[in-house]
Amino acid sequence: MAKFFIMAMIAATMVSCSSPKATTSETGAESLFKRLESIQQKGYMYGHQDDPFYGLTWEWDENRSDVLETVGDYPAIMGFELGGIEMGDEKSLDSVPFNRIRKELIAHHERGGIVTISWHPRNPLTGGTAWDVDNNQVVKSILPDGSEHEKFELWMKRLGDFIASLKDKDGKPIPIIFRPWHENNGSWFWWGQKLCTDEEFHGLWNMLQDNFNNHEFTNLLWSYSPNITGSISEEEFLKRYPGNDRVSLIGLDAYQWGTEEDFVKQLSSDINAISSIAKKNNKLYALTECGYKNIPDSTWWTRVLKPILDQYHPCYFLTWRNAKHEYFAPNPKQVSAADFKKLYEADNTLFLKDINK
């Protein structure tokens, strides 16, 4: 009740952020940026990767969501993965049929939600996965004049063809937060820090973005998201940053893999740096991936994560998927479910219903 009352009062005193008035010349990406900017004045949104596909105890059922079944509401943001589309596969690297991804992505947009896409393409030089890092010539090989450039041109076309199919009921392209080449400051993907030079990484980013811009994908809001280190500095960040003309949202991927103390210290340091850089350059900022595997701490949401979100108030935070072997959001019977409900009930934590008021 308290959440409803406060949110209603806010809605009465400011322009609704769920239905911004777009000008006829405004692109889908520009409209989405304005919406995200307005929503951030209310609070921070919760997002979940692969939310409608599977959960802790189920797979592929229609009209299901662990988040929905836990709190009675959908996430404000849903994340979808397109790794495998470049190969012409019928299913993503997480075994989700691309036809189902299209259906659920459109459905979430139609219910008023926001969508984000990640892409972990195969290794174009070796044929391995995105995590195949035995060769440091991969990025160089797909840049113009590289041995695999023609192959990667086809991969970009296949990715683009799928994105072009994501349209609303009126046939308009759906606005999407597009987040390629993430966690590039680590070295576990073939586009990572030790796998290519700064110049090669810029070439990789620019090649994909220019290709999509040339095909008039004006619905993509480009997001750049390094991984948590606990020591991100503006100087280091800017070495691989594609540039203000190429990025609209600066993200941070931050999981608790070690102790709570280390996580809080590292996240606080890095989100402080990221938010400062974003504000200085008029960019949005978010925790583009985060979570605690299998959430063994019953109070982790409100005791560990929320105080940091409250201090730095990112645009959103997105927890990773709920596979049976590892999950990052609760179901109703999971040990942290009650605490997750407290997170949901907080006045500044926004789920789907909140962003559509």
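Nothing here was measured: the structure is a model prediction, and the numbers come from that model.

Enquirer: How should unusual backbone geometry be read in this particular structure?
Expert: Peptide bonds are, in most cases, trans, and in most cases residues other than glycine have a negative phi. One non-glycine residue, W60, lies in positive phi territory at about 70 degrees. Relative to the elements of secondary structure, W60 occurs in the loop between β1 (44–49) and α3 (66–71). The phi torsion at E183 lies on the positive side, around 50 degrees, for a residue other than glycine. Counting through the fold element by element, E183 comes out in the loop between β4 (176–180) and α7 (198–214).

Enquirer: So what exactly am I meant to see when it comes to the pattern of salt bridges here?
Expert: A pair can form between side chains of opposite charge whenever their charged atoms are brought close. Tallied over the entire structure, the rule returns 19 salt bridges. Residues E236 and K239 are paired through a salt bridge, measuring 2.9 Å at the closest nitrogen-oxygen approach. Residue E236 and its partner K239 are both found in helix α8 (residues 234–240); the two are separated by 3 residues, about one turn of the helix. On the accessibility criterion, E236 (46% relative accessible area) is partly exposed. Take K239: its relative accessible area is 38%, and that puts it in the partly exposed class. A salt bridge links D310 to K306; the nearest nitrogen and oxygen atoms lie 3.0 Å apart. Of this pair, D310 and K306 both sit in helix α10 (residues 300–312), 4 residues apart, roughly one helical turn.

Enquirer: What should I look at first to understand the environment of V247 in this one?
Expert: Mapping V247 onto the fold places it in the loop between α8 and β6 (249–255). Here the alpha-carbon distance between V247 and E110, two residues 137 residues apart in the chain, equals 26 Å. Leaving out residues up to four positions away in the same chain, V247 has contacts with W205, W222, Y224, Y241, P242 and K283.

Enquirer: Please clarify how α7 should be interpreted in this entry.
Expert: For an α-helix, 3.6 residues make a turn, and residues three or four places apart therefore share a direction. With 17 residues, α7 extends 24 Å between its outermost C-alpha atoms, agreeing within 8% with the 24 Å of an ideal straight helix rising 1.5 Å per residue. Turning to α7, its buried residues are E200, F201, L204, W205, M207, L208, Q209, N211 and F212. Each element contacted by the buried residues of α7 is listed here: β3 (114–119), α5 (138–142), α6 (149–164), β4, β5 (220–224) and α8.

Enquirer: Where do I start with the side chain of Q209 in this structure?
Expert: Mapped onto the secondary structure, Q209 falls in helix α7. Among the residues examined, Q209 registers a relative accessible area of 4% and is labelled buried. Setting aside its immediate chain neighbours within four residues, Q209 contacts W222 and R246.

Enquirer: Honestly, helix α9 (residues 260–280) in this entry has me stumped. Any pointers?
Expert: Given a rise of 1.5 Å per residue, 21 residues ought to cover 30 Å, and the 30 Å separating the end C-alpha atoms of α9 matches this to within 8%. Along α9, the positions that sit buried rather than exposed are F263, L267, S268, D270, I271, A273, I274, S275, I277 and A278. Of the surrounding elements, those touching the buried residues of α9 are α8, β6, β7 (284–291) and α10. One or two steps after α9, the chain reaches N282, where phi turns positive at roughly 60 degrees.

Enquirer: Looking at this structure, I do not really get the packing of α10 against helix α11 (residues 337–345). What am I missing?
Expert: Contact geometry for α10 and α11: axes closest at 8 Å, N-to-C directions at 45 degrees. Put simply, α10 runs oblique to α11. Taken together, the residues of α11 that come into contact with α10 (itself represented by W300, W301, T302 and K306) are D339, F340, K342 and L343. Per-class residue counts for the contact of α10 with α11 are 4 nonpolar, 1 polar and 3 charged.

What counts, and where the lines are drawn
- Residues numbered from 1 in each chain as written.
- Predicted model: local features only at pLDDT ≥ 70, side-chain atom pairs only at ≥ 80, totals over all residues.
- Heavy atoms only, no water.
- Helix = DSSP H or I, 4+ residues; strand = E, 2+ residues; numbered from the N terminus.
- Salt bridge = Lys/Arg side-chain N within 4 Å of Asp/Glu carboxyl O.
- Buried < 20%, exposed > 50% of the residue type's maximum accessible area, 1.4 Å probe, protein only.
- Contact = heavy atoms within 4.5 Å.
- Expected span 1.5 Å × (residues − 1).
- Axes fitted to C-alpha atoms, helices over the stretch in contact; angles between N-to-C directions.
- Parallel < 35°, antiparallel > 145°, perpendicular 65-115°, else oblique.
- Nonpolar A, V, L, I, M, F, W, Y, C, P; charged D, E, K, R; others polar.

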